[in-house]
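The residues making up each chain are set out below.
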Amino acid sequence: MNKNSTAIRLDKHCRLCSSGRIKEVFKLKPTPPGDLFLPKEMLKLSGEKYPLILALCKDCGYLHLPYVLDPNVSYSNYVYETKVTVGLSKHYQEYAKHVISYTGIQKASFVVDLGSNDGTMLKAFKECGMRVMGVEPNKQIAEIANQNNLETINDYFSSAVTDGIKKRYGRAAIVTANYMYANIDKVIDFTQNVKNLLDDEGLFIIQTGYHPEQMKINMFDYVYHEHFSYFSVKVLKQLLANCGIEMIQVSIHPAKGGSIRVITQQSGGKRVVDDSVESFIRTEENTAMYEPETYMRFAEGIDRRKKRLLEMIREIKSENHTIVGYGASHSTTTLIHHFELGEYLEYIVDDNPIKHDCYSPGYHLPVYSSDKLYKDKPKYVLVLGWQHQDSIINRNKKYINQGGKFIVPLPELKVAND
């Protein structure tokens, strides 16, 4: 690990309020960029590890990574496609229909999705009769969207991109940011660009992981370098207000272990602020989500679970059994590194063909199709993608019937069908 690398910087002041009262609350093991599952000839790109630490601003309550990894390191070889996440395509279809119903916007209204990935969200709006445009920084993934007739600008969302869209298409009735708002380094500049893109009655809709919900299921592996910010409703409301945008509704959703969808308008807009906004903030206050001790206790609980899992794994290995991992993603990289699992796993299997014949970040474990379970018949499979444990186990009943066992590390350690 090279802390002085030009690829990473340390922010000693809060990126939202400039306070210097920053408290480290959870020091995870250093990791490489989480999604750099690469072929053998590119492995040197995923070898270096960087600090992964959660910190809390004691003045405004902003939970964030003070060590900021250059997005070019994370995204230049980024391979995640929205469509591969279980249930997300259907989720976006329901999402688009809800937004159209809530807003009452007319057909052929202009919708812009930021960080649009392979265009799954754009497709949902297009099928509802909207004009759509995506902005996606990864060239390879933007090309996939464009090939599917989902017009996508391959760039980071900047003031120049904003001006270009307005000049060519006009202002937007809806701007969406799905599971990417937490990934923005200069989030204030970004939000001001959104405001400039929206028409007077336009809505900005954010969907992002919600750590107060995720922590209930011991989900710490949503912390990785691409996620600079971990937003509470209170902090997000203040950030938006500072940029001339008003939060009007918040709802919770099960995706990603717990997410919030926040609907906003230009400050002083015609829509009434829903009671849900203050309700969420009261709950956050009552559960001490702005206090460092809350996160420090959470980190201690995670480390206890790590200890129990390693005790089980070492016992299994002492009996000369093979253990393989199931799941190759950002979050599994965090889990493998923080729980120090790399030396115990023979290889990883995953259901995404893009990951096959690649190697995991840091430990460089080979990744294969899950079909390999039936060929090799390992005694144990550690479900690294434990948030999807039900679908993984149900899809592989045959493996269990052949005598295999699934170890599920979280929310609580268990052996499936033991």
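See the structure shown above.
Residues numbered from 1 in each chain as written. Predicted model: local features only at pLDDT ≥ 70, side-chain atom pairs only at ≥ 80, totals over all residues. Heavy atoms only, no water.

Asker: Would you mind showing me how to read the overall build of the protein here?
Answerer: Helix and strand counts for the protein come out as 14 helices and 19 strands. Taking 2.2 N^0.38 as the reference for a compact globule, 418 residues should give roughly 22 Å; the C-alpha atoms of the protein span a radius of gyration of 22 Å, in line with that estimate. Principal-axis analysis of the C-alpha atoms places the extent of the protein at approximately 65 × 50 × 40 Å. Here the protein, with 418 residues, has 57% of them falling under the buried criterion. Surface accessibility of the protein: about 17,700 Å² in total, with carbon and sulfur atoms responsible for 47%. Averaging the coordinates of the 52 positive side-chain charges in the protein and doing the same for the 49 negative ones gives two points 1 Å apart. (Helix = DSSP H or I, 4+ residues; strand = E, 2+ residues; numbered from the N terminus. Rg over C-alpha atoms; globule rule 2.2 N^0.38 Å. Buried < 20%, exposed > 50% of the residue type's maximum accessible area, 1.4 Å probe, protein only. Areas by Shrake-Rupley, 256 points an atom, 1.4 Å probe, with all protein chains shown as cover. Lys, Arg positive; Asp, Glu negative; His and termini not counted. Charge placed at Lys NZ, Arg CZ, Asp CG, Glu CD.)

Asker: Just to check I follow, could you spell out the sheet that holds strand E10 (residues 198-209) for this structure?
Answerer: Strands in a sheet are paired, the pairing made by backbone hydrogen bonds, and the direction either parallel or antiparallel. One open sheet holds the seven strands; their spatial order is E8-E7-E6-E9-E10-E13-E12, and the pairing between them is mixed. Unpaired on one side and paired on the other, strand E8 (152-153) and strand E12 (245-253) mark the two borders of the sheet. Contacting E10, E12 and strand E13 (259-266), helix H8 (residues 233-242) crosses the sheet at an angle of about 155° to E12. Along the sheet, helix H9 (residues 276-286) makes contact with E12 and E13, crossing E12 at roughly 65°. (Pairing = 2+ DSSP bridges. Contact = heavy atoms within 4.5 Å. Axes fitted to C-alpha atoms, helices over the stretch in contact; angles between N-to-C directions.)

Asker: Where do I start with helix H6 (residues 187-197) in this structure?
Answerer: Since there are 3.6 residues in each turn of an α-helix, residues three or four apart along the chain are aligned in direction. Three or more residues of H6 are buried, namely Val-187, Phe-190, Thr-191, Asn-193, Val-194 and Leu-197. Burial along H6 is one-sided: seen end-on, the buried residues are contained in an arc of 155°. Of the surrounding elements, those touching the buried residues of H6 are strand E6 (110-114), helix H5 (159-169), strand E9 (172-178), E10, H8 and E12. (Arc of directions from axis to C-beta.)

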